[in-house]
Amino acid sequence: MLARLKKKFQLWVSTEAKLAHQIGLTPNHVSALGIMFAVFSALAYVLAHSHQLILVAAPIFLLISGFCDALDGAIARIHGETTIFGKFLDSILDRIADAVILFGIIVGGLCDWRWGIIALIGSLMVSYARARAEALGAEMEAIGVAERPERLIILAVASFFSVVWLEALYWAVIILALLTSLTVLQRVIYFLRASKNRE
């Protein structure tokens, strides 16, 4: 089911990537848009406590930011614009976006700050574990329960529910903190086994 949905999404993104390229957008342009919408999302989370209707805008900006993250890679692959620096920059911007969004949720008082920090550290460590493992020659894609798309979906869905039940985002951050910690552990165990097999 999830594999099918992922294929459909990739096909749709590929179509959008061709359109984006036709109007002159480069992968770096789309990456810049992605970080901009992440900042908008964070600001909406910060303001949501005093103006709850703004909370509707936060997940919309969040999803647009996530879409831009998928789109920039698709443009680069389809049109042969993939560069080593582009991959590096995309990875850095993704981490900044993750941190900014969770920071906005914490500052906005929409979660327990302690769980928020654990979720923030966990999100960064999930990505670091993959980057470090792949630098050492172990493929880490699809290892773990909470990769970036799953984390964005959890936050977005919980944010929409928070419009009618403010506690939804509070609990979503706790779930995110637990799932990211579990994902890091899964990746450590996977790399331990992979490294033993190679040795």
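In what follows, the accompanying structure is described. (Residues numbered from 1 in each chain as written. Predicted model: local features only at pLDDT ≥ 70, side-chain atom pairs only at ≥ 80, totals over all residues. Heavy atoms only, no water.)

1. Some points on the overall build of the protein
Alright, step 1. Scanning the protein from terminus to terminus reveals seven helices and zero strands.
Alright, step 2. At 17 Å, the protein has a C-alpha radius of gyration in line with the 16 Å of a compact globule built from 199 residues.
Alright, step 3. Principal axes of the C-alpha set define a box for the protein whose edges measure 50 × 45 × 30 Å.
Alright, step 4. In the protein, buried positions account for 40% of the 199 residues.
Alright, step 5. Taking contacts inside the protein between residues at least 6 apart in sequence as the whole, the part at least 24 apart equals 77%.
Alright, step 6. Of the accessible surface of the protein, which amounts to about 11,400 Å², a share of 70% is contributed by carbon and sulfur atoms.
Alright, step 7. One finds the centroid of the 17 positive side-chain charges in the protein at a distance of 6 Å from the centroid of its 15 negative side-chain charges. (Helix = DSSP H or I, 4+ residues; strand = E, 2+ residues; numbered from the N terminus. Rg over C-alpha atoms; globule rule 2.2 N^0.38 Å. Buried < 20%, exposed > 50% of the residue type's maximum accessible area, 1.4 Å probe, protein only. Contact = heavy atoms within 4.5 Å. Areas by Shrake-Rupley, 256 points an atom, 1.4 Å probe, with all protein chains shown as cover. Lys, Arg positive; Asp, Glu negative; His and termini not counted. Charge placed at Lys NZ, Arg CZ, Asp CG, Glu CD.)

2. Focus: helix H4 (residues 84-107)
Alright, step 1. Taking 1.5 Å of rise per residue, the 24 residues of H4 would be expected to cover 34 Å, and the 35 Å separating its terminal C-alpha atoms lies within 8% of that figure.
Alright, step 2. Taken together, the buried positions of H4 are occupied by Gly86, Asp90, Leu93, Asp94, Arg95, Ala97, Asp98, Ile101, Leu102, Gly104, Ile105 and Ile106.
Alright, step 3. Buried residues along H4 sit in contact with helix H2 (27-48), helix H3 (57-78), helix H5 (113-135), helix H6 (148-162) and helix H7 (167-198).
Alright, step 4. Glycine 109, located one to two residues past H4, shows a positive phi value of around 70°. (Expected span 1.5 Å × (residues − 1).)

3. Digging into the environment of valine 173
Alright, step 1. By the element assignment, valine 173 lies in helix H7.
Alright, step 2. Residues valine 173 and leucine 120 lie 53 residues apart in sequence; the distance between their C-alpha atoms is 9.3 Å.
Alright, step 3. Sequence-distant contacts of valine 173, that is, excluding residues within four places in its chain, are made with Ile105, Cys111, Trp115, Gly116, Ala119 and Leu155.

4. Focus on the nonpolar core
Alright, step 1. Core analysis: the largest hydrophobic core is formed by 27 residues, its most contacted members being Tyr45, Ile105, Leu155 and Leu169.
Alright, step 2. Breaking this core down by element, the ones donating at least two residues are H2, H3, H4, H5, H6 and H7.
Alright, step 3. Examining the composition of this core, we find that six residues originate from one element, H4, more than from any other.
Alright, step 4. Setting aside residues no more than four positions away along its own chain, leucine 169 makes contact with Tyr45, Ile105, Leu110, Leu155, Ala158, Ser159 and Ser162.
Alright, step 5. Residues Val13, Ala20, Val30 and Cys68 belong to the second largest nonpolar core, which totals eight residues. (Core = buried A, V, L, I, M, F, W, Y, C linked by side-chain atoms within 4.5 Å.)

5. Observations regarding the packing of aromatic side chains
Alright, step 1. Under the counting rule described, the total for this entry stands at five aromatic pairs.
Alright, step 2. With 6.4 Å between their ring centres and 40° between their planes, phenylalanine 85 and phenylalanine 88 make a pair best called tilted. Placement of both phenylalanine 85 and phenylalanine 88 in helix H4 is noted, with a separation of three residues, approximately one turn of the helix.
Alright, step 3. The class of phenylalanine 85 is exposed, set by a relative accessible area of 54%.
Alright, step 4. Here a set of aromatic residues connected by ring pairs shows up, and it is made of Phe37, Phe40 and Phe61. (Phe/Tyr/Trp six-rings, centres within 6.5 Å; stacked < 30°, edge-to-face > 60°.)

6. Topic: the packing of H2 against H4
Alright, step 1. In the contact formed by H2 and H4, the axes pass within 7 Å of each other and the chain directions differ by 10°. Classified by the interaxial angle, the pair formed by H2 and H4 is roughly parallel. Of the residues in H4, those in contact with Asn28, Ser31, Ile35, Ala38, Val39, Ser41, Ala42, Tyr45 and Val46 of H2 are Leu89, Asp90, Leu93, Ile96, Ala97, Val100, Ile101, Gly104, Ile105 and Val107. (Axes fitted to C-alpha atoms, helices over the stretch in contact; angles between N-to-C directions. Parallel < 35°, antiparallel > 145°, perpendicular 65-115°, else oblique.)

7. Focus: H6
Structurally, the α-helix is built with 3.6 residues per turn, so residues lying three or four positions apart point the same way.
Alright, step 1. Here H6 spans 21 Å end to end across 15 residues, near enough to the 21 Å set by a 1.5 Å rise per residue.
Alright, step 2. Of all the residues in H6, the buried ones are Arg148, Arg151, Leu152, Leu155, Ala156, Ala158, Ser159 and Ser162.

8. A closer look at the packing of H6 against H7
Axes are the key here: two packed helices are described by the angle between their axes and the distance separating the axes.
Alright, step 1. Relative to each other, H6 and H7 sit at 165°, their axes nearing to 8 Å. When the axis of H6 is compared with that of H7, the two are roughly antiparallel. For the crossing formed where H6 meets H7, the hand is right-handed. Residues Arg151, Ile154, Leu155, Ala158, Ser159, Phe161 and Ser162 of H6 form the contact with H7, whose own contacting residues are Ala168, Leu169, Ala172, Val173, Leu176, Leu179 and Thr180.
Alright, step 2. When its residues are assigned to classes, the contact of H6 with H7 shows 10 nonpolar, three polar and one charged. (Left-handed = near helix turned anticlockwise from the far one by under 90°. Nonpolar A, V, L, I, M, F, W, Y, C, P; charged D, E, K, R; others polar.)

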